[in-house]
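The lines below spell out each chain.
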Amino acid sequence: MPADSILKHVVVFCLVLSVALTSARAEPGYSSKSTAESVSFRNGMVVSEEQIATLVGLSVLKEGGNAVDAAVAVGFALAVTHPRAGNLGGGGFMLVHLGETGRTVAIDYREKAPLKATRNMFLDENGEVDMERARHSVYSSGVPGTAAGLSLALEKYGTMPLEKVLAPAIRLAEEGFAVTPELRKSLLGAKGRMKKSSESTEVFFKNNGEPPREGEILRQKNLAWSLKEISKNGSGAFYRGAIAKKITAYMKKEGGLITERDLASYEALIREPVTGNYRGYSIHSMPPPSSGGVHLIQMLNILERYPLSRYGHNSARYIHILSETMKLAYADRSKYLGDPDFSPVPTEHLISKQYAKRLANRINPQKATPSRYVKPGSPVPVGGTDTTHFTVADRFGNVVSNTYTLNFAYGSGLAVPGTGILLNNEMDDFSAKPGVPNAYGLIGGEKNSIGPGKRMLSSMTPTIVFKDEKLFLATGSPGGSRIITSVLQVILNVIDHKMSIREATAAPRIHHQWLPDTLYVERKAEKDLEAGLRKKGYEVKRTGPMGSTQSVARISGLFYGATDPRHPGGLAQGY
Ligand code: DON
């Protein structure tokens, strides 16, 4: 990066920091108990897992752009600065709340199975799931949705031209940016997979096969070319133009399934969010093909029946009720959730209060009910940050809550030659074989079987909570199967336990997903929890950090942001 450009970044950063330091004040409304100091902002707020991307969003807000303009700029910037999850070759979900009309819409830009995909495409000659083929091969990628999703959001709800919101990402790709310790570490972790791809190697492992050192400038000239194509020709460049040509040429060469027809027919969709009520707060979240919103609301409905604040945060009694609720929801997930365009999902039933009452009656208040059908050897990886969430709020009342992903860090590890675009391995989110867990230990059946043109089930849960029709909290998280339970606990921490958004984010999390029948508890949760939980019948497993929530709260007209301290490198910044 030229010296003046570095200087520009530094100046922006210092300016922003000085605003932050001069406007520090305590968060009021959330808590009388809370002693946490926090920083509030009046005009707008951006929270993401990567600092430069947050600052890009903030500069768009300051130039008069709305939350959607800023979110789209952040989305494209993260594809450059946070390549393990920010992407052009993946997909995601965006919830947009429009201040002017009070309406909230859900943009579905989830990847789709290629038209040539078949139900048993990941089974080997013995009928077993071939994990390598499902996760790390040219067959692992669904048809990407990000370019279509971000463009649709901007066109419908933004105010700025695509060229303008893409400009910072293009500059960062072309001129480069200084590699952070987090980026280097994640590249080291994915090196084995990525080095199978000449394009990934060329971009990320030029130093004799090693990733760039901390502080080294990473330039991505092919990615800059792709971004410029989109800037000039819109998302059509990706689906029907010069980028599409390179993707299909690569697929033909490698024997992959994605064709011209797949790309040309891809569309991002606008859906109605799923909505619910929890103790007087109105919850809006992502509908199928994500399972996130349905099960978040289902769990909140069950939990509303218990006086959680009296149990105390993370007491054995509290964790017991949470875990039993989580098991019930994840059991339903395996049976009822899938792409609603292929077979109906009983969303209304799953999120109804009557159903929650019936489910709550199945919870034994004293003892864990053992999960049935536990498959041995269904590893659940330690919650990663291989997806990414960002939240933007502006002074016009608009809010964007966006989660997008390549699935694993750097997706399949494969990148399309000449484009700098890493390909997702989202096909693993389908159920390759009934009853066999995917990478997150999730079991699925018929509803989530592979089918041509079908969207694979997701757990991504971008969510917005309103109080008296005004923004109260917007949040979301990476973390695979743990996304839904991470978002759930941030909401409970704020509403039931009256924590500030920063405390709510930092508080230790637990997770249960029915199968395997294991209660995951973050290592930093209190040491003496185990005994009480074991007595109730749980197999407790301590884990590293789960989720990485990126949240904006609003109290008395002021914005408060929290990036998850579990993963350094993020920034919550307002003005
Ligand atoms: O859509 C989903 O549910 C997954 N593909 C998300 C993957 C994820 O969060 C990876 N990060 N840990």
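Data block above holds the structure.
Given the structure is predicted, the values throughout are model-derived calculations rather than measurements.

Since the α-helix turns once every 3.6 residues, residues separated by three or four places project in the same direction. Counted at 1.5 Å a residue, the expected span for helix H13 (residues 292-303) with its 12 residues is 16 Å, and the 16 Å between its end C-alpha atoms agrees. Among the 12 residues in H13, 12 count as buried, and that is most of the element. Among the residues making up H13, those that are buried are Gly292, Gly293, Val294, His295, Leu296, Ile297, Gln298, Met299, Leu300, Asn301, Ile302 and Leu303.

Quick look at the pattern of salt bridges now. Enumeration over the complete set of coordinates arrives at 24 salt bridges. The partner of Arg271 in a salt bridge is Asp108, with the nearest N and O atoms 2.8 Å apart. On the criterion of sequence distance, the pair formed by Arg271 in strand E8 (residues 269-271) and Asp108 in strand E5 (residues 104-109) is long-range, its members being 163 residues apart. Both residues of the pair, Arg271 and Asp108, count as buried. Residue Glu446 is joined to Arg119 by a salt bridge in which the shortest nitrogen-to-oxygen separation is 2.9 Å. Of the two residues, Glu446 is situated in the loop between strand E14 (421-422) and strand E15 (463-467) and Arg119 in the loop between E5 and helix H4 (131-136); the sequence distance between them amounts to 327 residues. Each of Asp108, Arg271, Asp341 and Arg455 takes part in a single network of salt bridges with overlapping partners.

Another aspect to go through is the environment of Leu187. Structurally, the position occupied by Leu187 is in helix H7 (residues 181-194). Each C-alpha atom of the pair Leu187 and Ala525 lies 29 Å from the other, and the pair is 338 residues apart in sequence. With residues up to four places along the chain from it excluded, the contact list for Leu187 reads Met194, Phe204, Phe205, Pro211, Pro212 and Tyr410.

Of all hydrophobic cores here, the largest spans 96 residues; its most connected members are Phe76, Leu88, Met94, Val96, Leu227, Phe238 and Met427. Top element by residues in this core is helix H3 (residues 67-81). It accounts for 12 residues. Counting 87 residues, the second largest nonpolar core, distinct from the first, contains Leu492, Ala525, Leu558 and Phe559.

So, on to the sheet that holds E5. As summarised here, the arrangement of the 7 strands in space is E8-E5-E4-E12-E11-E3-E22, forming an open sheet in which the pairing is antiparallel. The open sheet has two edge strands, E8 and strand E22 (571-574), and neither has a second partner. For this sheet, the mean angle separating the axes of adjacent strands, direction not counted, is 15°. Direction of pairing for strand E3 (residues 44-48) relative to E22: antiparallel, over a ladder of 4 bridges. Residue Ser48 lies in a different strand from E22, and its bridge partner there is Leu571. Here H3 sits on the sheet in contact with E3, strand E4 (91-97), strand E11 (387-394) and strand E12 (399-405), set at roughly 155° to E11. Contacts from helix H5 (residues 146-157) reach E4, E5, E8 and E12 within the one sheet, and its direction differs from that of E5 by about 155°.

Another point: the site of the ligand. Surveying the vicinity of the ligand reveals 15 residues, the closest of which are Thr387, Glu426, Asp429, Ser458 and Ser459. In this structure, Asp429 approaches the ligand through a side-chain N or O atom, which is 2.6 Å from a nitrogen atom. In this structure, an oxygen atom belonging to the ligand sits 3.2 Å away from a main-chain N or O atom of Gly479. Residue composition of the shell around the ligand, by class: 3 nonpolar, 8 polar and 4 charged.

Further remarks concern the sheet that holds strand E18 (residues 519-522). Taking strand neighbours across the sheet as the criterion, the 3 strands line up as E17-E18-E19 in an open arrangement whose pairing is mixed. Only two strands of the sheet have a single partner each, and these edge strands are strand E17 (510-511) and strand E19 (540-543).

As for its placement among the helices and strands, Glu63 is situated in the loop between helix H2 (51-62) and H3. Classification of Glu63 as exposed rests on a relative accessible area of 51%. Separated by 201 residues in sequence, Glu63 and Ala264 have C-alpha atoms that sit 34 Å apart. Leave out the neighbours within four places in its chain, and Glu63 touches Met160 and Lys164.

Right, let's talk about helix H15 (residues 316-336) for a bit. Between its first and last C-alpha atoms H15 spans 30 Å; for 21 residues at 1.5 Å apiece the expected length is 30 Å, and the two agree. Judged by how many residues are buried, H15 sits mostly within the fold: 17 of 21 residues are covered.

A few words on the pairing of E12. For E12, the buried fraction is high: 7 of the 7 residues fall into the buried class. By the alternation rule, side chains of E12 split into Val399, Ser401, Thr403 and Thr405 and Val400, Asn402 and Tyr404, which are all buried. The hairpin turn running from E11 into E12, its antiparallel successor, is 4 residues long, and Gly397 in that turn takes a positive phi close to 90°.

With that out of the way, let us pick up the environment of Gly570. Considering the arrangement of structural elements, one finds Gly570 in the loop between strand E21 (558-563) and E22. Exposure remark for Gly570: the relative accessible area of 15% places this residue in the buried category. Residues Gly570 and Leu414, 156 residues apart in the sequence, show an inter-C-alpha distance of 26 Å. Excluding anything up to four places from it in sequence, Gly570 contacts Ser48, Glu49, Glu50, Gln51 and Thr563.

What follows deals with the side chain of Arg455. Examined against the element boundaries, Arg455 turns out to sit in the loop between E14 and E15. Of the polar contacts made by the side chain of Arg455, one reaches the backbone oxygen of Arg110; its length is 3.4 Å. From its side chain, Arg455 meets the backbone oxygen of Glu267 in a polar contact 2.8 Å long. With sequence-adjacent residues up to four places away left out, Arg455 is seen in contact with Asp108, Arg110, Glu111, Lys112, Tyr266, Glu267, Ala268, Leu269, Arg271, Pro289, Asp339 and Phe430.

For the bond running from Pro288 to Pro289, omega is 15°, close enough to zero to count as cis. With respect to the element layout, Pro289 can be found in the loop between strand E10 (281-285) and H13. The linkage connecting Leu515 with the following residue, Pro516, adopts the cis geometry, with an omega of 0°. Take Pro516: it is sitting in the loop between E17 and E18. In this structure, Tyr410 is a non-glycine residue whose phi angle is positive, near 65°. By the secondary structure assignment, Tyr410 is in the loop between E12 and strand E13 (415-416). The exposure class assigned to Tyr410 is buried, which follows from its relative accessible area of 0%. Positioned with a positive phi, Asp468 is a non-glycine residue whose angle comes to about 50°. Within the secondary structure layout, Asp468 lies in the loop between E15 and strand E16 (470-475).

Turning next to the packing of aromatic side chains. Scanning the entire structure with this criterion turns up 6 aromatic pairs. Judged by centre distance (5.9 Å) and plane angle (85°), the rings of Phe390 and Tyr404 are edge-to-face. Placement of the pair is Phe390 in strand E11 and Tyr404 in strand E12, with a sequence separation of 14 residues. Ring geometry for Phe408 versus Tyr440: centroids 6.4 Å apart, planes at 90°, classification edge-to-face. You can see Phe408 sitting in the loop between E12 and E13 and its partner Tyr440 sitting in the loop between E14 and E15, a full 32 residues away along the chain. Of the residues examined, Tyr440 reaches a relative accessible area of 13% and is grouped as buried. Positioned above the aromatic ring of Tyr139 is the side chain of Arg133, whose terminal nitrogen or guanidinium carbon lies 4.0 Å from the ring centre. Across from the ring centre of Tyr520, 4.7 Å away, lies the NZ or CZ of Arg482, which sits over that ring.

About the cut-offs
Residues numbered from 1 in each chain as written. Predicted model: local features only at pLDDT ≥ 70, side-chain atom pairs only at ≥ 80, totals over all residues. Heavy atoms only, no water. Helix = DSSP H or I, 4+ residues; strand = E, 2+ residues; numbered from the N terminus. Expected span 1.5 Å × (residues − 1). Buried < 20%, exposed > 50% of the residue type's maximum accessible area, 1.4 Å probe, protein only. Salt bridge = Lys/Arg side-chain N within 4 Å of Asp/Glu carboxyl O. Contact = heavy atoms within 4.5 Å. Core = buried A, V, L, I, M, F, W, Y, C linked by side-chain atoms within 4.5 Å. Pairing = 2+ DSSP bridges. Axes fitted to C-alpha atoms, helices over the stretch in contact; angles between N-to-C directions. Near = heavy atom within 4 Å. Polar contact = N/O pair within 3.5 Å; in protein donor to acceptor, adjacent residues only side chain to side chain. Nonpolar A, V, L, I, M, F, W, Y, C, P; charged D, E, K, R; others polar. Phe/Tyr/Trp six-rings, centres within 6.5 Å; stacked < 30°, edge-to-face > 60°. Lys NZ or Arg CZ within 6 Å of the ring centre and 35° of its normal.

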